[in-house]
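Listed below, chain by chain, are the residues.
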Amino acid sequence: MTHVGRVRARNEDAILTDPDGVLWAVADGMGGYGNGEVAADIVVDRISRLADDIPAESGLRSMIQDANHAIREHARAQGIAQMGATVVAAMIQNNIATIAWVGDCRAYLWRGGQLRLVTCDHSVVQELVDSGLLRDDERESHPERHIVTRAVGAASHVEVDISLLQLVLKDRLILCSDGLAACVSEDEIARIMTRPADPRSLCRSLAMQALDNGAPDNVSVVSVFAQEAD
């Protein structure tokens, strides 16, 4: 589910959902005046081109690098000074989820009644937390909480972080833009995850919680359930 939120005039997020259960992504565009929307669409389009049988880690890195080049070429052709997107993507092969991300889009894993953050934000605030200069519970009130240190399209080369997860039955994987992560606490996410739900209903419940909390940014969430094949 993707929603414009309560404040923004347009939705500059993009999502990728795969009926074959292989590729999933959330991209959050930056640049204003519709440029962020274009950047997010470029990232999702490039990731969607991955063949199902390609090695996940190298494939995701390659497609995100390709998107990085395409965004920069588009910006140059249009005379746009700043344009980019953050992204989190998952490629699932043989019950292994390869998570790739740039920026502050996030992936969460729900397993055995516990919520775990899989990704680590590429942001100014995260660097302050990592260095011990800021407490984790202070991040959402920090004035630089929205400043990312990496984005697709921001430089000639983008560094992509990767995490591998061996999925087990009943795992739930959540991919989201920072519009959800910054507006809905992990305690609230965990509380919603405890409810019986199908993936679509879970996405709606999480997005609606963000809207109830004010949703100053676009809100996008994708959920993937590990279950037995029919």
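Here the structure is a predicted model, which is why all the values come from computation and not from measurement.

Participant: Quick question: what am I supposed to make of the nonpolar core here?
Facilitator: Note on soluble globular proteins: their nonpolar side chains tend to be buried together. Residues L23, V43, I47, L60, I64, V87 and V152 are the most contacted members of the largest nonpolar core, which totals 31 residues. Core analysis: the next-biggest nonpolar cluster, separate from the first, contains 23 residues, L115, C183, V219 and V221 among them.

Participant: What exactly am I supposed to notice about the sheet that holds strand β10 (residues 219–225) here?
Facilitator: Backbone-to-backbone hydrogen bonds join strands into a sheet, with any given pair of strands oriented parallel or antiparallel. Strand order in this open sheet of five strands is β1-β10-β9-β6-β7, and the pairing throughout is antiparallel. With one partner strand each, in any of the chains shown, β1 (2–3) and β7 (114–117) form the two edges of the open sheet. Sheet analysis places strand β9 (residues 172–176) next to β10, joined by five bridges and oriented antiparallel. Bridge pairing in β10 places L173 opposite V224. With respect to the sheet, helix α5 (residues 186–193) is in contact with β6 (106–111), β7 and β9, its orientation differing from that of β6 by roughly 45°.

Participant: For this particular structure, what's the right way to read helix α6 (residues 199–212)?
Facilitator: For the α-helix, the turn length of 3.6 residues means that residues three or four positions removed from each other point alike. When the terminal C-alpha atoms of α6 are compared, their 20 Å separation across 14 residues agrees well with the 20 Å that a helix rising 1.5 Å per residue should span. The set of residues buried in α6 consists of L202, C203, L206, A207, Q209, A210 and L211. Elements in contact with the buried residues of α6: β1, β9, α4 (178–181), α5 and β10. N-cap assignment for α6: the residue whose side-chain oxygen lies 3.0 Å from the backbone N of R200 is D198. At the C-terminal side of α6, G214 shows a positive phi close to 110°.

Participant: What should I look at first to understand the packing of helix α1 (residues 35–48) against helix α2 (residues 56–78) in this one?
Facilitator: In a packed pair of helices, the relevant descriptors are the angle between the two axes and the axis-to-axis distance. Contact geometry for α1 and α2: axes closest at 8 Å, N-to-C directions at 145°. The chirality of how α1 crosses α2 is right-handed. Facing V38, A39, I42, V43, R46 and I47 of α1, the residues of α2 in contact are L60, M63, I64, D66, A67, A70, I71 and H74. Residue composition of the contact of α1 with α2, grouped by class: eleven nonpolar, one polar and two charged.

Conventions and cut-offs
- Residues numbered from 1 in each chain as written.
- Predicted model: local features only at pLDDT ≥ 70, side-chain atom pairs only at ≥ 80, totals over all residues.
- Heavy atoms only, no water.
- Core = buried A, V, L, I, M, F, W, Y, C linked by side-chain atoms within 4.5 Å.
- Buried < 20%, exposed > 50% of the residue type's maximum accessible area, 1.4 Å probe, protein only.
- Pairing = 2+ DSSP bridges.
- Helix = DSSP H or I, 4+ residues; strand = E, 2+ residues; numbered from the N terminus.
- Contact = heavy atoms within 4.5 Å.
- Axes fitted to C-alpha atoms, helices over the stretch in contact; angles between N-to-C directions.
- Expected span 1.5 Å × (residues − 1).
- Polar contact = N/O pair within 3.5 Å; in protein donor to acceptor, adjacent residues only side chain to side chain.
- Left-handed = near helix turned anticlockwise from the far one by under 90°.
- Nonpolar A, V, L, I, M, F, W, Y, C, P; charged D, E, K, R; others polar.

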